[in-house]
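Single-letter residue listing:
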Amino acid sequence: KLIKRKTVQKWRELHKKWQNLYFTILRRSKMSLFDALFKKIIPNAKIPEYHEKTYSVVGAKYYMNNISKLACPNPYYKKSVKDLISDGQISARIFQYTYINKPVKLVPESKNPHDKNAVSVYIAGELVGYISADNALEVRSILKSDIKFISSFVSGGKYKIVHPDGLVEKCEHDIHITLKIGYSA
């Protein structure tokens, strides 16, 4: 029991030291605990900066057959007006299809006849478009860094809106694909 008490007492002392470190160093320097510890242990170490960038995919309209392979039917789209109102789906956009996040791959295409800096976008193995020419060089540079994740968001297509009076409005938006890249540089 004496050993347990001393161990607990040492842990409490250590905890207080950590709290003091946090409140004195971190508040003054406005850095994270990890940065403070890392810089204290290795003062001249370069800590990689984490970044996230978002890009729109262009040319999706030319790859609609491939994009349709990624679509999952939305069960709400087939529900009756009465069921949608009771489910609280009033004035909400209810899309015919949803697109679940699937693996994204960016492939530089140096031999592309239209743009030697082209970067193609594949979702679940399907070509869905390209990074715009304005952003292609930047994305190529990012691909050489430490990529943490690449995610996609596909939106658009046919949808309906159920109004409180029971009126159903059917609309359609062009498919739009957005990518988010997380990386350390």
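Refer to the structure printed above.
**Observations concerning the side chain of Glu109**
So, point 1. Following the sequence through the fold, Glu109 ends up in strand β5 (residues 104-109).
So, point 2. Arg140 provides the closest opposite charge to the buried, salt-bridge-free Glu109, at an N-O distance of 7.7 Å.
So, point 3. Those residues in contact with Glu109 that lie beyond four places of it in its chain are Asp115, Lys116, Ala118, Ser120, Tyr122, Tyr130 and Arg140.

**Some thoughts on the sheet that holds β5**
So, point 1. Strands sit in the order β3-β8-β9-β1-β7-β6-β5 across an open sheet of 7 strands; the sheet is antiparallel. Edge positions in the sheet fall to β3 (93-95) and β5, since each of these pairs with one other strand and no more. Adjacent strand axes in the sheet meet at a mean angle of 40°, parallel and antiparallel pairs treated alike.
So, point 2. Looking at chain direction, β5 and strand β6 (residues 118-123) are connected through 6 bridges and run antiparallel. Of the residues in β6, the one forming a bridge with Glu109 is Ala118.
So, point 3. Here helix α5 (residues 133-143) sits on the sheet and contacts β1 (50-58), β5, β6, β7 (126-131), β8 (146-162) and β9 (168-184); the angle it forms with β1, its principal contact strand, is near 140°.

**Overview of the pairing of β8**
So, point 1. One ladder, built from 3 bridges, connects β3 with β8; its direction is antiparallel. Counted as the bridge partner of Phe95 is Tyr159 from β8.
So, point 2. Where β8 lies against β9, 15 bridges are found, and the strand directions are antiparallel. By the bridge assignment for β9, Ser152 is matched with Leu179.
So, point 3. Where β8 folds back on β9, the antiparallel hairpin that results is connected by 5 residues, among which Gly166 adopts a positive phi of roughly 95°.

About the thresholds
Residues numbered from 1 in each chain as written. Predicted model: local features only at pLDDT ≥ 70, side-chain atom pairs only at ≥ 80, totals over all residues. Heavy atoms only, no water. Helix = DSSP H or I, 4+ residues; strand = E, 2+ residues; numbered from the N terminus. Buried < 20%, exposed > 50% of the residue type's maximum accessible area, 1.4 Å probe, protein only. Lys, Arg positive; Asp, Glu negative; His and termini not counted. Salt bridge = Lys/Arg side-chain N within 4 Å of Asp/Glu carboxyl O. Contact = heavy atoms within 4.5 Å. Pairing = 2+ DSSP bridges. Axes fitted to C-alpha atoms, helices over the stretch in contact; angles between N-to-C directions.

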